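One-letter residues, chain by chain:
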Amino acid sequence: MGGCAGSRRRLSDSEGEETDLAPRPPLQDSQGAHWKNAVGFWLLGLCNNFSYVVMLSAAHDILSHQRTPGNQSHVDPDPTPTSHNSSSRFDCNPVSTAAVLLADILPTLVIKLLAPLGLHLLPYSPRVLTSGICAAGSFLLVAFSHSVTISLCGVVLASISSGLGEVTFLSLTAFYPRAVISCWSSGTGGAGLLGALSYLGLTQAGLSPQHTLLSMLGIPALLLASYFLLLTSPGPQDPGGEADSDTSARQPLINNEASESKPGSGSPLSLQERWTVFKGLLHYIVPLVLVYFAEYFINQGLFELLFFRNTFLTHAEQYRWYQMLYQAGVFASRSSLRCCRIRHTWVLALLQCLNLAFLLVDVWLSYLPSIYLVFLIIMFEGLLGGAAYVNTFHNIALETSDEHREFAMATACISDTLGISLSGLLALPLHDFLCQLS
């Protein structure tokens, strides 16, 4: 489990000048290096997705933004009915929470579209530093904003941080044992759970959304410390960390003859090679797009419409509980790779689409008698989404050749972002349609 890629491909700013992949020299103790890298990638996953998750958890509060006397920014944690359409059975916000989703995902989409064109070849350290600064800026901007518009600008910063970080760290896994993919995925799941749970817990305890966001400024600092102080430099070791029989049972996504570049050559892939790799990835990309389209259509299109009046929870509290339970499911499944591996990810896409159809019909007909049934469905939704993510990238890592793995990882990470973006675009008109009818 302590092996690292023997086919390490070095990134160069110029001929003979090597760009850093990780900032520290290799350790002699391979077991110690293994644990440092495992913990490092888990923390990177946690910190990278934390601001993104918190912004989605705060979406209902951001859109209920009200200015208090003295021109002080204030986001009421339990908005009064005057900020909603009280005559609507959905208790609608004037704007769908999908607006926050789009602000939280479209910059990420742009970044990931640029990644296959060469973004992944830029030096790692400046990208990590930029990601950390943007994450801190997002918390500060939303916390001190005086309007929804400024708050959404802060959400955009969180999106830039998350998108740039995901492209960077998934590409970086190509130079480490494949086991770090599971650590990264588990960390991103942990970000969902801890981010949603911390926002829910602190606001439920009486802390204002502003002070809740300011209390999270240590997360960007932890991201930078994890990268610059914890990760070890990749060394000439075996990349798999798994039985050879597992790898040999897979067919490469592209034929080795399609590429003349050798591991460690540092030469970028040609456009033809990139296109060949991309086509080989489609049977993983398409199911992941569908999974994330369905689950985020539920999360940002239906969560705020799944409103139960006959409970002790307010509308804002129901929304936060939905987000937290979803993230709990994601965390459990993203951490389950050692227990359960799924090759045919299209099954997960089918089940997630059925989830969407079931809850969409419930929004229209209101046939579910209890919010606790919705809680169970939402946890199942999170389990499907997390399983699709971790198994997709694990399968890609197994099936790509060493010289193409970095590009494949950077390319495949566009799948979830594309699905989320499409769901946000469709959730906005659905919200307006249903709220006008009710």
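Residues numbered from 1 in each chain as written. Predicted model: local features only at pLDDT ≥ 70, side-chain atom pairs only at ≥ 80, totals over all residues. Heavy atoms only, no water.

Participant: Please clarify how empty space enclosed by the protein should be interpreted in this entry.
Facilitator: Empty space left among the atoms is revealed by rolling a probe the size of a water molecule over them. By the definition in use, this model includes 4 cavities of 30 Å³ or more. Roughly 220 Å³ of volume is contained in the largest cavity. Along its surface, the largest cavity is lined by 23 residues, and Asn49, Tyr52, Tyr296, Arg334 and Asp416 are the ones closest to its centre. Of all the secondary structure elements, the ones that give two or more residues to the lining of the largest cavity are α1 (30-57), α3 (98-114), α5 (148-172), α6 (179-204), α10 (271-302), α11 (315-334), α13 (371-399) and α15 (414-437). (1 Å grid on protein atoms, 1.4 Å probe; cavity = no way out; pocket = protein on both sides within 12 Å on 5 of 7 lines; lining within 4 Å. Points joined across faces, edges and corners; volume = space filled by probe spheres on them. Helix = DSSP H or I, 4+ residues; strand = E, 2+ residues; numbered from the N terminus.)

Participant: Help me understand the environment of Gly419 in this model?
Facilitator: For Gly419, the position within the fold is in helix α15. Each C-alpha atom of the pair Gly419 and Leu288 lies 7.7 Å from the other, and the pair is 131 residues apart in sequence. Every residue in contact with Gly419, bar those within four places of it in the chain, is listed here: Val289, Tyr292 and Phe293. (Contact = heavy atoms within 4.5 Å.)

Participant: Sorry, what's going on with helix α12 (residues 346-365) here?
Facilitator: Given 3.6 residues per helical turn, the α-helix brings residues three or four places apart onto the same face. Between its first and last C-alpha atoms α12 spans 29 Å; for 20 residues at 1.5 Å apiece the expected length is 28 Å, and the two agree. Within α12 the residues assigned to the buried category are Leu348, Ala349, Gln352, Asn355, Leu356, Leu359, Asp362 and Val363. All buried residues of α12 project into a common sector of 150 degrees when viewed along the axis, lining one side. More than 90 degrees from the buried face of α12, the exposed residues found are Trp346, Leu354 and Leu365. Elements that come into contact with the buried residues of α12 comprise α10, α13 and α15. Two residues or fewer after α12 comes Ser366, characterised by a positive phi angle close to 55 degrees. (Expected span 1.5 Å × (residues − 1). Buried < 20%, exposed > 50% of the residue type's maximum accessible area, 1.4 Å probe, protein only. Arc of directions from axis to C-beta.)

Participant: Would you mind showing me how to read the pattern of salt bridges here?
Facilitator: Two side chains that carry opposite charge are able to pair once their charged atoms sit near each other. In the structure shown here, the tally under the stated rule is 4 salt bridges. Across the pair Lys112 and Glu166 runs a salt bridge whose closest N-O atoms are separated by 2.5 Å. Here Glu166 lies in helix α5 and Lys112 lies in helix α3, a separation of 54 residues in the sequence. Both residues of the pair, Lys112 and Glu166, belong to the buried class. Measuring nitrogen to oxygen at the nearest pair gives 2.9 Å for the salt bridge that ties Arg405 to Asp402. In this pair, Arg405 and Asp402 both sit in helix α14 (residues 402-412), 3 residues apart, roughly one turn of the helix. In this structure Arg405 comes out as buried when scored by relative accessible area, which is 6%. With relative accessibility at 31%, the residue Asp402 sits in the partly exposed group. Linked by salt bridges that have partners in common, Lys112, Glu166 and Asp416 make up one network. (Salt bridge = Lys/Arg side-chain N within 4 Å of Asp/Glu carboxyl O.)

Participant: What am I meant to see in the packing of α1 against α11 here?
Facilitator: Packed helices, taken two at a time, are described by their axes: the angle between them and the distance between them. Where α1 meets α11, the closest approach of the two axes is 12 Å, and the angle between their N-to-C directions is 160 degrees. It follows from the interaxial angle that α1 and α11 lie roughly antiparallel. For the pair α1 and α11, the sense of crossing is right-handed. On α11, the residues touching Trp42, Asn49, Val53, Leu56 and Ser57 of α1 are Tyr319, Arg320, Gln323, Gln327, Phe331 and Arg334. Residue composition of the contact of α1 with α11, by class: 5 nonpolar, 4 polar and 2 charged. (Axes fitted to C-alpha atoms, helices over the stretch in contact; angles between N-to-C directions. Parallel < 35°, antiparallel > 145°, perpendicular 65-115°, else oblique. Left-handed = near helix turned anticlockwise from the far one by under 90°. Nonpolar A, V, L, I, M, F, W, Y, C, P; charged D, E, K, R; others polar.)

Participant: What exactly am I supposed to notice about the confidence of the model for the chain here?
Facilitator: Predicted coordinates in areas of low pLDDT are best not read in detail. Across the chain, the average pLDDT comes to 79, with 78% of residues at 70 or higher. Predicted confidence for residues 1-19 stays below pLDDT 50, and this span has 67 contacts to residues more than four positions away or in other chains. The model gives residues 66-86 a pLDDT under 50, and that stretch makes 44 contacts with residues more than four places away or in other chains. (pLDDT = per-residue confidence, 0-100.)

Participant: Please clarify how a nonpolar patch on the surface should be interpreted in this entry.
Facilitator: A cluster of nonpolar side chains, Trp346, Val347, Leu350, Leu351, Leu354, Phe380 and Leu383, forms an exposed patch at the surface whose accessible area comes to about 630 Å². At the level of elements, α12 and α13 are the ones that each hand at least two residues to the nonpolar patch. Looking at the secondary structure, you find Leu383 in helix α13. In this structure Leu383 comes out as partly exposed when scored by relative accessible area, which is 35%. (Patch = residues over 30% accessible without salt bridge, like charges linked within 9 Å, V, L, I, M, F, W, Y side chains within 5 Å. Areas by Shrake-Rupley, 256 points an atom, 1.4 Å probe, with all protein chains shown as cover.)

Participant: What am I meant to see in unusual backbone geometry here?
Facilitator: Note: most peptide bonds trans; most residues except glycine with negative phi. Look at Ser366: it is not a glycine, yet its phi comes out positive at around 55 degrees. Structurally, the position occupied by Ser366 is in the loop between α12 and α13. Residue Ser366 is classed as partly exposed on the basis of its relative accessible area of 46%.

Participant: Explain the UniProt feature "transmembrane region" (unreviewed entry) in the chain to me, please; I cannot follow it from the model alone.
Facilitator: The sites that carry the UniProt feature "transmembrane region" (unreviewed entry) are, in the present numbering, residues 39-59, 98-122, 134-159, 179-200, 212-230, 281-298, 346-365 and 371-390. Summarising residues 212-230: 84% helix, 0% strand, and an end-to-end C-alpha distance of 27 Å. Secondary structure across residues 346-365 divides into 100% helix and 0% strand, with the first and last C-alpha atoms of the span separated by 29 Å. (UniProt positions renumbered as here; feature names shortened; annotations may be inferred.)

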